[in-house]
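This is what each chain is made of:
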Amino acid sequence: MAETPTTPEIPYEQARDELISVVQKLEVGGTSLEESIALWERGEVLAGICQQWLDGARSRLAAAAGLDAEDDAAE
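Being a predicted model, the structure only gives us computed values, none of them experimental.

Asks: I'd love a proper account of the pattern of salt bridges, names of residues and values included.
Replies: Counted according to the given criterion, the structure contains 3 salt bridges. Taking the shortest distance from any N to any O, the salt bridge between E18 and R42 comes out at 2.8 Å. Of this pair, E18 sits in helix α1 (residues 12-28) while R42 sits in helix α2 (residues 33-64), and the two are 24 residues apart along the sequence. Judged by its relative accessible area of 28%, E18 is partly exposed. What makes R42 partly exposed here is its relative accessible area of 32%.

Asks: Which residues make up the confidence of the model for the protein chain, and what are the values?
Replies: Detailed reading of the predicted coordinates is not advisable wherever pLDDT is low. When pLDDT is averaged along the protein chain, the result is 88; 83% of the residues meet or exceed 70. For the protein chain, helix α3 (residues 69-74) is the element with the lowest average pLDDT, namely 57, and α1 is the one with the highest, namely 97.

Asks: Mind laying out the packing of α1 against α2, listing which residues take part and the relevant values?
Replies: The N-to-C vectors of α1 and α2 enclose an angle of 150 degrees; their axes lie 9 Å apart at closest approach. Between α1 and α2, the angle falls in the class roughly antiparallel. Between α1 and α2 lies a crossing whose hand is left-handed. On α2, the residues that touch Y12, A15, R16, E18, L19, V22, K25 and L26 of α1 are S36, L39, W40, R42, G43, L46, A47, I49, C50, W53 and L54.

Asks: Talk me through α2; I want residue IDs and the actual numbers.
Replies: The end-to-end C-alpha distance of α2, which contains 32 residues, comes to 46 Å, matching closely the 46 Å that a straight helix rising 1.5 Å per residue would cover. Those residues of α2 that fall on the buried side of the exposure criterion are L39, G43, L46, I49, C50 and A62. Residue G66 follows α2 closely and has a positive phi angle near 75 degrees.

Asks: Please provide a residue-by-residue account of the environment of T7, values included.
Replies: With respect to the element layout, T7 can be found in the segment before α1. Spatially, the C-alpha atoms of T7 and I49 are 9.0 Å apart, while their sequence positions differ by 42 residues.

Asks: Talk me through the nonpolar core; I want residue IDs and the actual numbers.
Replies: Core analysis: the largest hydrophobic core is formed by 7 residues, namely I10, A15, V22, L39, L46, I49 and C50. Those elements that provide at least two residues to this core are α1 and α2. The element that contributes the greatest number of residues to this core is α2, accounting for 4 residues. Ignoring anything within four residues of it in the chain, the contact list for V22 reads L39, R42, G43 and L46.

Rules used throughout
In this convention, every chain numbers its residues from 1, walking through the sequence in written order. Whole-chain, interface and lining totals are the exception, using all residues; otherwise, since this is a predicted model, local features are given only for residues with pLDDT of at least 70 and side-chain atom pairs are given and counted only at 80 or more. With hydrogens and water stripped out, all remaining heavy atoms of the structure feed into the side-chain values. For salt bridges, the criterion is a side-chain nitrogen of Lys or Arg within 4 Å of an Asp or Glu carboxyl oxygen. Secondary structure follows DSSP: runs of H or I at least 4 residues long count as helices, runs of E at least 2 residues long count as strands, and numbering of each begins at the N terminus. Each residue is assigned to one of three classes by its accessible area relative to the maximum for its type, calculated with a 1.4 Å probe on protein chains only: buried under 20%, partly exposed between the two thresholds, exposed over 50%. Confidence of the predictor in every single residue is expressed as pLDDT, which spans 0 to 100. With axes taken as lines fitted to C-alpha atoms, and helix axes fitted only over the stretch in contact, angles between N-to-C directions fall between 0 and 180 degrees. Any angle that is under 35 degrees is reported as roughly parallel, and any over 145 degrees as roughly antiparallel; angles of 65 to 115 degrees are reported as roughly perpendicular and all others as oblique. A crossing counts as left-handed when the near helix is turned anticlockwise from the far one by less than a right angle, and as right-handed when that turn is clockwise. In this analysis, two residues are considered to be in contact whenever any of their non-hydrogen atoms come within 4.5 Å of each other. Expected helix span is taken as 1.5 Å per residue step, with the number of steps being one fewer than the number of residues. Nonpolar cores are built from buried Ala, Val, Leu, Ile, Met, Phe, Trp, Tyr and Cys residues. Side-chain atoms within 4.5 Å join them into one set.

Following this line, the structure appears as structure tokens:
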């Protein structure tokens, strides 16, 4: 059964910008282990949101071009 796509709770650009900030904080260091883990977990969530947006855009483009989204992704 096909999953119904859902719209992520925040816009792509906001998720991307926050993800960049999280990565920068992790790269600089200076945070406690607990803070680093929390940042990592938030980064994983944000990366998933970005991927949802990108997958949705790919599907919409494939539909507009009359292609199956899975066929398009394989190319």
